[in-house]
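# Fold and geometry: a report
As a plain string of letters, each chain reads:
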Amino acid sequence: MNTDFTPALPTGGLLLVSLLAVALLLFLIMKVRLHAFLALVLVSLLTAVATGIPAGEVVPTMTEGFGSTLGSVALLVGLGAVLGRLLEISGGAQVLADRLLRLFGENRAPLALSVASLLFGFPIFFDAGLVVMLPVIFTVARRLGGSVLLYGLPAATAFSVMHIFVPPHPGPVAATGFLGADIGLVLLFGLVIAIPTWYVAGYLYGRIMGRRLVLPVPDILGTASEEDEADPPALWTILLLLLLPLVLIFANTGLDALGVAGVVDPEAGWVLAVRTVGQTPVALLITVLLAIYLLRVRRRRPGRETESIVDSSFGPICSIILITGAGGMFGAVLRASGTGDALAESLEGLGMPVILAGFVIASALRLAQGSATVALTTAASVVQPVVDTMTDLSSVQLAALVLALAAGSVIASHVNDSGFWLVGRFLGMDVKTTLKTWTVIQTLMAFTGFGLASVIYLVG
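Positions within a chain are numbered from 1, following the residues in the order the chain's sequence is written. The model is predicted, so local features are restricted to residues of pLDDT at least 70 and side-chain atom pairs to those at 80 or more, both for listing and for counting; the totals for chains, interfaces and linings are taken over all residues. To obtain the side-chain values, all non-hydrogen atoms of the structure were included, while hydrogens and water were left out.

### Observations regarding the overall build of the protein
Looking only at helices and strands, one finds 21 helices and zero strands in the protein. For 460 residues, the compact-globule formula gives about 23 Å, and the C-alpha radius of gyration of the protein, at 22 Å, lands near that figure. Its C-alpha atoms give the protein principal-axis dimensions of roughly 65 × 50 × 50 Å. Any residue under 20% of the maximum accessible area for its type is buried, any over 50% is exposed, and the rest in between are partly exposed; the area is computed with a 1.4 Å probe on protein chains only. By the burial criterion, 57% of the 460 residues in the protein qualify as buried. In what follows, a contact means two residues having at least one pair of non-hydrogen atoms within 4.5 Å. Partitioning the contacts of the protein with sequence separation of at least 6, the portion at a separation of at least 24 is 83%. For the protein, the exposed surface amounts to about 17900 Å²; the carbon and sulfur share of it is 65%. Charge centroids of the protein, computed over 23 positive and 27 negative side chains, lie 14 Å from each other. A run of H or I in DSSP counts as a helix once it spans at least four residues, and a run of E counts as a strand once it spans at least two, with each numbered from the N terminus. Within these notes, the globule rule equals 2.2 Å times the number of residues to the 0.38 power, and the radius of gyration is based on C-alpha atoms. The accessible surface values rely on the Shrake-Rupley method and a 1.4 Å probe; as for residues, cover is taken only from the protein chains in view. Charge counting follows a simple rule: Lys and Arg are positive, Asp and Glu are negative, and His as well as the terminal groups are ignored. Where a charge lies is defined by one atom per residue type: Lys uses NZ, Arg uses CZ, Asp uses CG and Glu uses CD.

See the structure below:
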């Protein structure tokens, strides 16, 4: 697909079209009650035409955006859903939930789930981690009662802050490379920023909204049978199945970060082999196969029943996958139209301090096209020439600048962000509720993270 063309509209016109597109999308979904998948496809088509994407590139742009999003999401969500259903059906999620509640107490259940999510979120990507953690979240919510949001929002935010601020996730690693920052300092200060940001945006605000908006636990992953409830798997089995993908994925992302830092040769045969096994789809596939053996075969459960469990795990997530892919399609159309690039260029010469300019550019890119990783890496490339001329910046200030850009890249998740649909649909929220909760949480993350990064920048 060739997207190298001159935008047909000036920056103001591109921004106006994108705003009207978002407004139309919300109107179709919330007022007309058109299914989100159909609304996203229709608005993506209209936006592509209105922004002047050449006629021959309209459909390829849409399908490439849809396909690339599904390429990164569908495998992870599909395999994660199978693993989640196996953990739920076998009674394994109940075993882990019981242990967490004994350690933390029932009154601290959201904290317990969030601590587990922060640990799991260190090496594992946001969407994969959330899907794997869902059966435990749902089990705790069913047992203790109340809104699923009370437990789900803090945990989802925990995965999000780790994905945005902490290497070895791709966004901060790429921005670190662009700006020449020390990846060790980015990791250290990323953790310093991620924890209080999660506490403010996810734990405090998430619990407030969880008490105000009472939603039932979605019946996506099923429930354990009486036979499995009477004979649940051992705790070590569940911990093995949850930790195995983390170890494999961490080996991949850790070696990637070490390769960027020059510690290991990224082209060495053993590095490539370990990184292949640690790719998230491969790691999850290995874990799913092991789960089938440990939770079904080894415990002498019927093979036909196991096949039925795996097959039934796909039906409830099909709508989620299609909507998420269509959200990626909408973001891809906005990117191809030149909206984000034009906006970034118009902000370059505003005369702001570099840390504020970087935050504003990353925020604008996030609002314009949806992807946090694209917003972060693009913003880093935009400010790189300025940073290269600032020879007096310390290593601490460079790390803080990376994290300020990361904060801007997460602001105001909305309908052009595939993560918006993933979180909303998995937790059973409609668009209005997702805007009240997840969009606000991501905005709080952005401003809290930027405030903390600014303090580090000034002190450093």
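Text resumes after the structure shown.
### Thoughts on unusual backbone geometry
The phi torsion at R33 lies on the positive side, around 65°, for a residue other than glycine. Secondary-structure assignment places R33 in the loop between α1 (11–30) and α2 (36–50). Non-glycine residue A412 carries a positive phi angle of around 50°.

### So, the packing of aromatic side chains
Centre distance within 6.5 Å is the pairing criterion for rings of Phe, Tyr and Trp, where only the six-membered ring of Trp is used; planes under 30 degrees apart are then read as stacked, over 60 as edge-to-face, and the remainder as tilted. One pass over the full model with this rule turns up eight aromatic pairs. On the numbers, 5.5 Å between centres and 25° between planes, the contact of Y199 with Y203 is stacked. Of the two residues, Y199 and Y203 are both situated in helix α9 (residues 183–212); the distance of four residues between them amounts to about one turn of the helix. You can call Y203 buried: its relative accessible area is 10%. Arranged with centres 5.2 Å apart and planes meeting at 85°, the rings of F420 and W421 form a pair that is edge-to-face. Each of the two residues, F420 as well as W421, counts as buried. An aromatic cluster of three or more residues is present, and its members are W198, Y199 and Y203.

### Things to note about the confidence of the model for the protein
A residue's pLDDT is the confidence the predictor assigns to it, expressed on a 0 to 100 scale. When pLDDT is averaged along the protein, the result is 84; 93% of the residues meet or exceed 70. Summarising per-element confidence for the protein, the mean pLDDT is lowest in helix α10 (residues 226–230) (62) and highest in helix α21 (residues 431–459) (96).

### Considerations on α2
Expected span, for any helix, means 1.5 Å times one less than how many residues it has. The terminal C-alpha atoms of α2 lie 20 Å apart, and with 15 residues this matches the ideal 21 Å at 1.5 Å per residue to within 8%. Considered for burial, the residues of α2 that qualify are A36, A39, L40, V43, S44, T47 and A48. What you see down the axis of α2 is that its buried residues fit within an arc of 155°, all on one side. Within two residues after α2, G52 carries a phi angle of roughly 85°, on the positive side. For this quantity, the arc is that covered by the directions from the helix axis to the C-beta atoms.

### Here's the deal with the packing of helix α4 (residues 92–104) against helix α6 (residues 126–144)
Relative orientation of the contacting elements α4 and α6 amounts to 65°, with a least axis distance of 9 Å. As judged from the angle between their axes, α4 and α6 are roughly perpendicular. Crossing hand, α4 versus α6: right-handed. Facing A93, Q94, L96, A97, D98, L100 and L101 of α4, the residues of α6 in contact are P135, V136, T139, V140, R143 and L144. Split into classes, the residues belonging to the contact of α4 with α6 amount to nine nonpolar, two polar and two charged. Geometry is summarised by axes, namely lines fitted to C-alpha atoms with helices restricted to the contacting stretch, and by angles between N-to-C directions that run from 0 to 180 degrees. Any angle from 65 to 115 degrees is called roughly perpendicular, while one under 35 is roughly parallel, one over 145 is roughly antiparallel, and all others are oblique. Helix crossings are classified by the rotation of the near helix relative to the far one: an anticlockwise turn of less than a right angle makes the crossing left-handed, while a clockwise turn makes it right-handed. Any residue that is not Ala, Val, Leu, Ile, Met, Phe, Trp, Tyr, Cys, Pro, Asp, Glu, Lys or Arg is counted as polar, Gly included; the first ten are nonpolar and the last four charged.

### Description of the pattern of salt bridges
We define a salt bridge as a contact between a side-chain nitrogen of Lys or Arg and a carboxyl oxygen of Asp or Glu at a distance within 4 Å. For the structure shown, the criterion picks out three salt bridges. For R143, the salt bridge goes to D98, with nearest N and O atoms at 2.1 Å. Taken as a pair, R143 in helix α6 and D98 in helix α4 lie far apart in primary sequence, 45 residues in all. Between R366 and D417 there is a salt bridge, with the nearest N and O atoms lying 3.3 Å from each other.

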